[in-house]
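Coordinate inspection notes
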Amino acid sequence: MNCSSVMNKTALVILAHNFEEIEAVSPVTLLRRSGVTVTVASCSQKLMVEGKSGLSLKADCLLDDIQTDAFDMLVLPGGPGIYELRKTQGILALIREFFEAGKWIGAICAAPLLLQDANILGSLNFTAHSSVSGELKRLIPDRDVVIDGNLITSPGAGTAVSFGLALIEALVGSENARTVADSIHANYFPVSEDSN
């Protein structure tokens, strides 16, 4: 894959060491099935990135090597790696860049902590993994996906398919999301029909 070529709707998925594999693979796979051009970028200086369960994925390119302003969506998988990313000002600046440009940001599991650290949550509704409720006291429990403004959040690995379908819905519409859901025998309820 040529990381400099961007066409149609595009999504940037970033991987950090100790990412949650299901929360990365499900959205990437579903977005690609819908025709979205997905670039997986490593936050380190290596293309191979090891997940929390020991599964290594090869990123398409290094985050440092791409122009991030060319993408329509930023996707942040969760997992323990989020805690290292919280110390990385470049990642927080990237999140603010997408947010301020009105571009979609998807964050699952503990990744909404990055949204808080980037100071973009404000009064927006969101959800996250229950383990971070001490820091994210306003998270909405018992929801597979919450969309508010240009933020799409989800609580964890068990909701990764719903999260991926919501990303598709945001970028290329509910009809495309339903087609992908039907192809994998997944339940799909358009988030746009749900109230926050």
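Structure first, text after, so check above.
A short tour of the structure in this document, coming up. Note that this is a predicted model, so its numbers are computed, not measured. Positions within a chain are numbered from 1, following the residues in the order the chain's sequence is written. pLDDT decides what is reported in this predicted model: residues at 70 or higher carry local features, side-chain atom pairs at 80 or more are listed and counted, and totals for whole chains, interfaces and linings draw on all residues regardless. Think of the side-chain values as coming from all heavy atoms in the structure, minus any hydrogens and water.

**Considerations on the overall build of the protein chain**
As a reminder, the rule being used: Secondary structure is summarised from DSSP: a helix means a run of H or I of at least four residues, a strand means a run of E of at least two, and numbering begins at the N terminus for each. Here the radius of gyration uses the C-alpha set of atoms, whereas the globule reference equals 2.2 Å times the residue count to the power 0.38. Exposure categories follow from relative accessible area, calculated using a 1.4 Å probe and restricted to protein chains: below 20% of the type maximum is buried, above 50% is exposed, and the middle band is partly exposed. Whether two residues are in contact is decided by their heavy atoms: any pair within 4.5 Å suffices. For every accessible area listed, the method is Shrake-Rupley and the probe measures 1.4 Å; residues are considered covered only by the protein chains on display. Positive residues here are Lys and Arg, negative ones are Asp and Glu, while His and the chain termini are left out of the count. To locate a charge, the coordinates of NZ of Lys, CZ of Arg, CG of Asp or CD of Glu are taken.
Helices and strands together make up the secondary structure of the protein chain, namely 6 helices and 9 strands. The globule rule puts the C-alpha radius of gyration for 196 residues at 16 Å, and the 15 Å found for the protein chain is close to it. Each of the three principal axes of the protein chain carries a C-alpha extent, and together these read 40 × 35 × 35 Å. Expressed as a percentage of the 196 residues in the protein chain, the buried residues total 52%. Of the contacts formed within the protein chain by residues at least 6 apart in sequence, a portion of 65% connects residues at least 24 apart. Entry remark: accessible area of the protein chain is about 8,900 Å², with carbon and sulfur atoms responsible for 48%. Side-chain charges in the protein chain split into 14 positive and 22 negative, and the spacing between the mean points of these groups amounts to 3 Å.

**As for the sheet that holds strand S5 (residues 61–62)**
Two modes of strand pairing occur in sheets, parallel and antiparallel, and in both the strands are linked by backbone hydrogen bonds. What counts here: By this definition, two strands are paired if DSSP reports at least two bridges between them. Fitted lines through C-alpha atoms give the axes, limited to the stretch in contact for helices. The angle between two N-to-C directions lies from 0 to 180 degrees.
Pairing within the open sheet is mixed, and its 7 strands lie in the order S5-S2-S1-S6-S7-S9-S8. Looking at which strands have only one partner, the edges of the open sheet turn out to be S5 and strand S8 (146–148). Sheet topology places strand S6 (residues 73–76) next to strand S7 (residues 104–108); 4 bridges connect them, and they run parallel. Note on S7: the bridge partner recorded for Met73 is Trp104. Sitting on the sheet, helix H1 (residues 21–33) is in contact with strand S1 (10–15), strand S2 (37–42), S6 and S7, with an inclination near 155° to S2.

**Notes on the nonpolar core**
Stated formally: Buried residues of nine kinds, namely Ala, Val, Leu, Ile, Met, Phe, Trp, Tyr and Cys, make up a nonpolar core once their side-chain atoms join them within 4.5 Å.
Grouped together as the largest cluster of nonpolar side chains are 66 residues, with contacts concentrated most on Leu31, Leu76, Ile95 and Leu115. With 7 residues, helix H5 (residues 160–172) is the single largest residue contributor to this core. The contact partners of Leu115, leaving out residues within four places of it in the chain, are Leu76, Ile95, Ile105, Ala107, Ile120, Leu121, Leu151 and Thr153.

**Comments concerning the packing of aromatic side chains**
Note the cut-off: Here a pair means two rings of Phe, Tyr or Trp (six-membered ring of Trp) with centres within 6.5 Å. Their orientation is stacked below 30 degrees between planes, edge-to-face above 60, and tilted elsewhere. By the criterion adopted, a ring carries a charge over it if an Arg CZ or a Lys NZ lies within 6 Å of its centre and within 35 degrees of its normal.
Summed over the entire model, instances satisfying the criterion amount to 0 aromatic pairs. The aromatic ring of Phe98 is capped on one face by Lys103, whose charged end is 5.4 Å from the ring centroid.

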